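# Coordinate analysis (summary)
Residues per chain, in single letters:
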Amino acid sequence: MKNIEELIQKAVELQSNGLVTGQIANELNVSRDTVTWLLMRSKRGAEAPAPKDISVNWSAIGKSSFRLRYISQALCDMVLESLDKSDQRADMVVGIGLSGVPMATMIAEELGVEFSIFHGYDSQKERNKNTGIFSRNFGHVKGKNCIIVDDVVSSGSTITDVIEQTKKSGSNPVAIAVIIDKKNSETISGVPVNSLIKLARVD
């Protein structure tokens, strides 16, 4: 996306295709607040100042399995280094649907461990209920040491939900792996964050 107008147009297009705020935020790699602002601005020209957010387009990586494999290997290497420092081990990789799943699959294969998928919430109503769930069609996290994988950390709310649901399931989250961390976090809910890129605002 080159400018705000393109972001607004894409947000409106995604909404007209039936996506809700959370899904649009995931597609555009922006916060839910930013999606709300973009959609409001499309209707009447936003009076409120734009939220402080950064749009991330990593499709040049995502469209190539070759590039995605190398990014996944780099993340895997960072996670292994983190686990060595904390004297932890992992026996499960959890991919956050949709964008974290391809990398999580490759990391699980590289480590020779089980793989699970977490479906996050898509609407504000679901978000308030904290209703993300693990897919029953993949590995079960109970009793496992889990690496959590996603593409981008925006607010950290989805990863926080995964951590909470992982602990409720009787497992132990030991590391987080993402391509880009927009929060510039060392940890989220006490779990170390491993990112290829950390963004820090200077204003």
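Just so it is clear, the model here is predicted, and its values are computed rather than measured.

### As for a negative patch on the surface
Residues Asp77, Glu81, Asp84 and Asp87 make up a contiguous surface patch of negative charge. Along the chain, Asp84 falls in helix H5 (residues 65–85).

### Comments concerning the environment of Ala200
One can find Ala200 in the segment after strand S8 (191–198). Considering only alpha carbons, one finds Ala200 and Asp181, 19 residues apart in sequence, at a separation of 9.0 Å.

### Describing the environment of Val12
Its place among the elements puts Val12 in helix H1 (residues 4–16). Taking the relative accessible area as the measure of exposure, Val12 reaches 33% and is therefore partly exposed. With 120 residues separating them along the chain, Val12 and Gly132 place their C-alpha atoms 25 Å apart. Aside from chain neighbours lying at most four places away, what touches Val12 is Leu39 and Ser42.

### Observations regarding unusual backbone geometry
The omega torsion of the bond from Gly97 to Leu98 falls at 10°, within 30 degrees of zero and hence cis. Even without glycine at this site, Asp87 takes up a positive phi of about 55°. Within the secondary structure, Asp87 sits in the loop between H5 and strand S1 (92–96). Within the chain, Ser189 stands out as a residue other than glycine whose phi angle is a positive 50°. If you trace the backbone, Ser189 turns up in the loop between strand S7 (187–188) and S8. Relative accessible area serves as the criterion here: at 41%, Ser189 is assigned to the partly exposed category.

### Here we look at the state of the cysteines
The tally for this structure, following the rule as stated, stands at zero disulfides. The cysteine Cys76 is free of any disulfide, with Cys146 supplying the nearest cysteine sulfur at 15 Å.

### Points about the pattern of salt bridges
Evaluation of the coordinates by the stated rule reveals seven salt bridges. Put simply, Lys182 and Asp53 hold a salt bridge, and the shortest N to O gap is 2.8 Å. A residue pair is termed long-range when its members are at least 10 positions apart, and Lys182 in the loop between strand S6 (172–181) and S7 and Asp53 in the loop between helix H3 (32–44) and helix H4 (59–62) qualify at 129 residues. What makes Lys182 buried here is its relative accessible area of 14%. Accessibility expressed as a relative area gives 22% for Asp53, which makes it partly exposed. For Asp181, the salt bridge is made with Lys198, and the minimal N-O distance between the two is 3.3 Å. Here Asp181, found in strand S6, pairs with Lys198, found in strand S8; they are 17 residues apart in sequence, far enough to count as distant. A residue is classified by how much of its surface remains accessible, and Asp181, at 0% relative accessible area, is buried.

### Here we look at helix H2 (residues 21–28)
If you check which residues of H2 are buried, you get Gly22, Ile24, Ala25 and Leu28. Across the axial projection of H2, the buried residues extend over an arc of 160°, all falling on one side. Remark: Asn29 follows H2 within two positions and exhibits a positive phi of approximately 55°.

Calculation criteria
Residues numbered from 1 in each chain as written. Predicted model: local features only at pLDDT ≥ 70, side-chain atom pairs only at ≥ 80, totals over all residues. Heavy atoms only, no water. Patch = residues over 30% accessible without salt bridge, like charges linked within 9 Å, V, L, I, M, F, W, Y side chains within 5 Å. Areas by Shrake-Rupley, 256 points an atom, 1.4 Å probe, with all protein chains shown as cover. Salt bridge = Lys/Arg side-chain N within 4 Å of Asp/Glu carboxyl O. Lys, Arg positive; Asp, Glu negative; His and termini not counted. Charge placed at Lys NZ, Arg CZ, Asp CG, Glu CD. Helix = DSSP H or I, 4+ residues; strand = E, 2+ residues; numbered from the N terminus. Buried < 20%, exposed > 50% of the residue type's maximum accessible area, 1.4 Å probe, protein only. Contact = heavy atoms within 4.5 Å. Disulfide = S-S within 2.5 Å. Arc of directions from axis to C-beta.

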